[in-house]
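Residue-level structure breakdown
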Amino acid sequence: MLWTRVAIAALGWVIACAPKQPTDDRPLPKPNIDPGRIDEEIEVPPPAKAEAPTEDTLAPMVPPEAAYSHGWMPLASTGVEQFLQQHPTYDGRGVIIGILDTGIDPRVPGLLKTSTGLPKILDLRDFSDEGQVSLTRVLPRGDTIEIGGRRLRGFGRVRALNTSGPYYAGTIQEIPLGPPPASDLNGNGLDSDTLALVVTRATDGWVMVADTDGNGSLAGEPAIHDYLVSRETFGWTWKGRAPRVNIAVNFSPGSAAPRLDLVFDISSHGTHVAGIAAGHDLYGVTGFNGVAPGAQLLGLKIGNSAHGSITVTGSILRAMDYAIKFAAARRLPLVLNLSFGVGNETEGTARIDALVDSVLAVHPGLVFTIAAGNDGPGLSTIGFPGSARRSISVGAIVPGSFIAPDPASGARHDQLAYFSSRGGELAKPDLVTPGVAYSTVPRWSTGKEIEQGTSMASPHAAGLAALLVSGLAQAKRTIRGAAIKQALMVTARPIAGAVFVDEGTGIPEVDQAHRWLERERDLPDIVVRAVTSEGHSAAALHQRAPSQSSYTQRFELIRSRGSPAASFRLRADAPWLTAPSAVTLGAGVTPVDIRYNLAQLVAPGAYTGIVTGWGADSLAGPVFRLVSTVIVPQRIASGSSPLRSGVQVPAGGQLRSFFQTDSARPLQVRVSSIESEQKGLAFLHEPDGMPYRDESARPVGSGEQEAVYEVDGRDVLDGAYEVVVVAPTVQPVKVDVAVIQSPIVLQLSRERTGAVATLSNVSRAPVRAEVGMLVGGGERVETVVASGSQTRHIPFVAPAWARAVVVDLQMQREQWSRFTDFGVTLLDSAGRQIEKKPLNYAFGRLQAQLPEHHRGMPLRLALLPGFATSTEDESWTVRASIRLYADSAVALRQQSGTDSVVTIMPGQSGTARFTIPESPWPLGDGFFPLAVVVARSGGQSWTREGGLPLPNPPIMR
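Report follows, based on the coordinates. (Residues numbered from 1 in each chain as written. Predicted model: local features only at pLDDT ≥ 70, side-chain atom pairs only at ≥ 80, totals over all residues. Heavy atoms only, no water.)

Counting buried residues in strand β2 (residues 121-126) gives 6 out of 6 residues, a clear majority hidden from the surface. One ladder, built from 5 bridges, connects β2 with strand β13 (residues 296-301); its direction is parallel. Its bridge partner lying in β13, aspartate 123 is registered against leucine 298. (Buried < 20%, exposed > 50% of the residue type's maximum accessible area, 1.4 Å probe, protein only. Helix = DSSP H or I, 4+ residues; strand = E, 2+ residues; numbered from the N terminus. Pairing = 2+ DSSP bridges.)

Another aspect to go through is empty space enclosed by the protein. Applying the stated criterion to the full structure yields 3 cavities of 30 Å³ or more. Counted as a void, the second largest cavity has a volume near 60 Å³. What lines the second largest cavity is Val775, Val890, Leu892, Ile916, Pro917, Ser919, Pro920 and Pro929. Residues of the lining of the second largest cavity, tallied by class, amount to 7 nonpolar, 1 polar and no charged. (1 Å grid on protein atoms, 1.4 Å probe; cavity = no way out; pocket = protein on both sides within 12 Å on 5 of 7 lines; lining within 4 Å. Points joined across faces, edges and corners; volume = space filled by probe spheres on them. Nonpolar A, V, L, I, M, F, W, Y, C, P; charged D, E, K, R; others polar.)

Okay, helix α8 (residues 454-474) next. Spanning 21 residues, α8 covers 30 Å between terminal C-alpha atoms, matching the ideal 30 Å at 1.5 Å per step. Burial analysis of α8 places 19 of its 21 residues in the buried class, which makes it a mostly covered element. Phi turns positive one or two residues past the end of α8, at lysine 476, with a value near 55°. (Expected span 1.5 Å × (residues − 1).)

Applying the stated criterion to the full structure yields 42 salt bridges. One salt bridge connects lysine 301 with glutamate 130, and the closest N-O pair in it is separated by 2.7 Å. Linking lysine 301 in strand β13 with glutamate 130 in the loop between β2 and β3 (132-133), this pair joins segments that are 171 residues apart in sequence. Like glutamate 130, lysine 301 is buried. Here glutamate 520 ties to arginine 477 by a salt bridge, and the two come within 3.1 Å at their closest N and O atoms. Note that glutamate 520 is positioned in the loop between α11 (510-518) and β25 (527-531) and arginine 477 in the loop between α8 and α9 (481-490), a separation of 43 residues in sequence. A residue is classified by how much of its surface remains accessible, and arginine 477, at 24% relative accessible area, is partly exposed. (Salt bridge = Lys/Arg side-chain N within 4 Å of Asp/Glu carboxyl O.)

Another point: the packing of α8 against α11. For the pair α8 and α11, interaxial distance at closest approach is 10 Å and the crossing angle is 35°. By crossing handedness, the relation of α8 to α11 is classed as right-handed. Contacts between α8 and α11 involve Leu464, Leu467, Leu468 and Leu472 on the former and, on the latter, Val510, Ala513, His514 and Leu517. Residues of the contact of α8 with α11, tallied by class, amount to 7 nonpolar, 1 polar and no charged. (Axes fitted to C-alpha atoms, helices over the stretch in contact; angles between N-to-C directions. Left-handed = near helix turned anticlockwise from the far one by under 90°. Contact = heavy atoms within 4.5 Å.)

Within the largest apolar cluster, 88 residues are counted, with the highest numbers of intra-cluster contacts made by Leu759 and Phe822. Sequence-distant contacts of leucine 759, defined by excluding residues within four places in its chain, comprise Ile744, Val745, Leu746, Ala769, Val771, Val902, Ile904, Gln908, Ser909, Gly910 and Ala935. Residues Leu75, Ile276, Val394 and Val398 belong to the second largest nonpolar core, which totals 85 residues. (Core = buried A, V, L, I, M, F, W, Y, C linked by side-chain atoms within 4.5 Å.)

Here the focus is the side chain of threonine 271. With respect to the helices, strands and loops of the structure, threonine 271 is situated in helix α5 (residues 269-278). For threonine 271, a relative accessible area of 0% corresponds to the buried category. Residues in contact with threonine 271, not counting those within four places in the same chain, are Gly103, Ile104, Asp105, Val108, Leu111, Asp265, Thr440, Val441 and Pro442.

Glancing now at the packing of helix α6 (residues 315-330) against helix α7 (residues 351-362). At a minimum axis separation of 11 Å, α6 and α7 run at an interaxial angle of 10°. Classed by the angle they form, the pair α6 and α7 counts as roughly parallel. Together, Ile316, Leu317, Met320 and Ile324 of α6 and Ile352, Leu355, Val356 and Val359 of α7 make up the contact between the two elements. The residue inventory of the contact of α6 with α7, partitioned by class, reads 8 nonpolar, no polar and no charged. (Parallel < 35°, antiparallel > 145°, perpendicular 65-115°, else oblique.)

Hydrogen bonds along the backbone pair up the strands of a sheet, which may run parallel or antiparallel. On the basis of which strands lie adjacent, the open sheet formed by 5 strands has the order β4-β7-β8-β9-β10 and antiparallel pairing. Only two strands of the sheet have a single neighbouring strand rather than two, namely β4 (136-138) and β10 (224-225). Bridge analysis of strand β8 (residues 194-202) against strand β9 (residues 205-210) gives 6 bridges, and the strand direction is antiparallel. Directly across from leucine 197, in β9, lies its bridge partner alanine 210.

For the rest of this paragraph, the subject is unusual backbone geometry. Glycine aside, negative phi is the norm for most residues, and most peptide bonds take the trans geometry. A cis amide bond links glycine 165 with the next residue in sequence, proline 166, at an omega value of 5°. Relative to the elements of secondary structure, proline 166 occurs in the loop between α3 (156-159) and β7 (167-173). Geometrically, the link from glycine 376 to proline 377 is a cis peptide bond, its omega value of 10° lying close to zero. Structurally, proline 377 is set in the loop between β18 (367-371) and β19 (383-384). Even without being a glycine, aspartate 281 presents a positive backbone phi close to 55°. Inspection of the secondary structure puts aspartate 281 in the loop between α5 and β13.

The end-to-end C-alpha distance of α6 is 23 Å, a good match for the 22 Å that 16 residues give at a rise of 1.5 Å each. All of the buried residues in α6 are Ser315, Ile316, Ala319, Met320, Ala323, Ile324, Phe326 and Ala327. All buried residues of α6 lie within an arc of 165° about the axis, which places them on one face of the element. Residues Lys325, Ala328 and Ala329 are exposed on α6 and point more than 90 degrees away from its buried face. Just beyond α6, the residue with positive phi is arginine 331, at close to 55°. (Arc of directions from axis to C-beta.)

Across the 9 residues of strand β34 (residues 624-632), 9 count as buried, placing the element largely inside the fold. Side chains Phe624, Leu626, Ser628, Val630 and Val632 of β34 all project onto a buried face; the interleaved residues Arg625, Val627, Thr629 and Ile631 project onto the opposite face, where all are buried too. As paired elements, strand β27 (residues 540-543) and β34 share 4 bridges and run parallel to each other. Each residue of the ladder has a partner; that of glutamine 543, found in β34, is isoleucine 631. With 9 bridges connecting them, strand β33 (residues 605-614) and β34 associate as antiparallel partners. Bridge pairing in β34 places alanine 606 opposite isoleucine 631.

Keep in mind that these numbers describe shape and distance, not what the molecule does.
Structure (structure tokens):
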């Protein structure tokens, strides 16, 4: 899944002072639930045909000249402009940057030429299968050819290329590509076109011919070769207009017909990333450049944009392999950038991490920058493969050029971005770079030139690496990826108030990194592993138990065979860490034990400390880092417990709070600002870091504008939850944070005579509760057992009464490490997307609103597994809960002889029984009533949603 946030928000979060920049006084908007497009056979009319877009409808968000003058390609944060003034030829020339992403639009001004006039894009390759076109052999009839039920004239154009054939034809459909405008390849306002093309072999290789202007004829159409051969592109468009989607062609051998892939960027993500890394004269504005304007690019498409920009099985590895061989054949150094990833479940176990690390070990000259993820500000949110040890994991800052000046000093300071994923269970990120930029986008995406996310930070770091590699190559010096990483990390400047798990070593400064590289240094190759009690290798993160006073954490330092013995001094930067004074490493594994004095960690919060290892050359910086984090959660009694009272969060800063809970016990979290004019953002993270499943980010105000999380008993997990409050970039906020936890555990079950609510008192006092039960929809639960990466579908019907669909998907955490993505898309019967929400963890929730007055909608839930490696027999299992909600709920009648008010003694349980009537809504096949128990006690209402299922839910195979 791509790591981009496209919300451009106020409160000073990102952009505060630009000409013609839209203003918005709200916090980051809540995720939209788009009803999508409905099947034409059900009473909803098809999309109306639009007139061809006029030039004035495609206006940029801000004129590029204004963006340049405001520094919205934020090169100043890392010193790029000053570095290039001193070293103008070290601008990335002679270096290839591979962009593993959603593709690149090759016709965007800024991605045409390098600073030396060379072609900017060397090749475009599709590893996602999104643009694959199935070809079949065809025979023309005179001057016409029939393709997919459509006749095209002018076949003489194809015969001129090959007089005897064979000829092949195929089509590409717009509907599977997702919603317009991106999927509207021919720009006619419809998303339902089927576009035809012809392929034959000319004297100079395979070529493709299509009716690009829609006049029904191939006459006069260009013959498009493989992009690597001729750098040609085409696009379907209205006559006399530039295409909104520029498309390249890939040909590869097939068993009968050649394989044809159309390469396009219908996400705009890859094009935006490419401009940051290496754009030159963006939008024709002289001097408006990306980080490394002299570098050349490889566009390596690994993401299927139509299904949530997901990677597909093996696409990352195949793209890496292609790029490495491509660069080696041309004897050019290579930097790779990956602005993709998903959340870690069990850190240190991801298969793609091990594969990335092994590739980097075999190719020591390769530099690989990977986005850390956008699941911050909670701890343990770094995604994989950004967690690969040998990669450069890149978090994000909000650069000063996007922040309003300080009212007092007028200064603009770079600040850590709230969305940037944090370490904890991992000793990551390594660095943070600008995560907001104005960059290149395809023509259809005009107006969305500014995006934010670690997706934008990672290519900035890739550009920095290209500058350093360019300098080393021109000086004819050895290029080592580990040295580039060390140079950037050692010379980075820290952000005030941030710790290593927030920022790594901080913001890199390219000139300082260059100076570090000017001196030849013997940099030992050391891999660090923190061994957990389960045997996993991750960073050392622990939750302190109330009675625990000390702990010993074992780290393993691993060196390759044949490494000579070397000694390193150890330094601890926190008083609660005790380390040996020195360690001697030989080949193999050397254990180092670090002792924690937990008695010093009393106040609830998070504590991070580092033990660094130093060689004889102190100017080289730490050779390795042993990072430890200890969480001290607050224990919550029944009733309201304040976590923080009247705490001021500085402008751009954050306040972390942790509390311990147990499963099936509902709770509320309330965050409010004390001063009415102060605003902020609150975030709730579940144990192990996953953002709260029902909208983690919420605006914080005072009074009725406070942020409230009401966690249903169905969703509560055992462990330490984390609440983070983030202040705006230019204004502090004083807040209260409180947790209210239910004194009772709620359970819901079904028996022969009705439904049963069970209430268990876990407090120390009697609890008197009024109990009710409501039914407001239906639920269907299926367990999908499958193998391989073939798409699986769960068909169902949403009855006329259904107004919303919520799908929860859960797999075992141990399975998750084998994937690089898992797409989840809700489709109507015509194949149009209603909603898409790829899994980012082993649990995922998709929510969609349905249109009013539908008579019943046939729907399909598509599951698209993407494994790290190509395999046909890789098994997987997912439990899917599909819930349909009506506009209102019906209260169930209590069974005779039972009371609606129960009193439960400490440690005891009570029950309430209800009669299940004939459902007021007809339920579809496999669905059963969806109920919620409501217990009112002590002025609070607590809920537990659950199904009332029949025995033995079905298993799909």
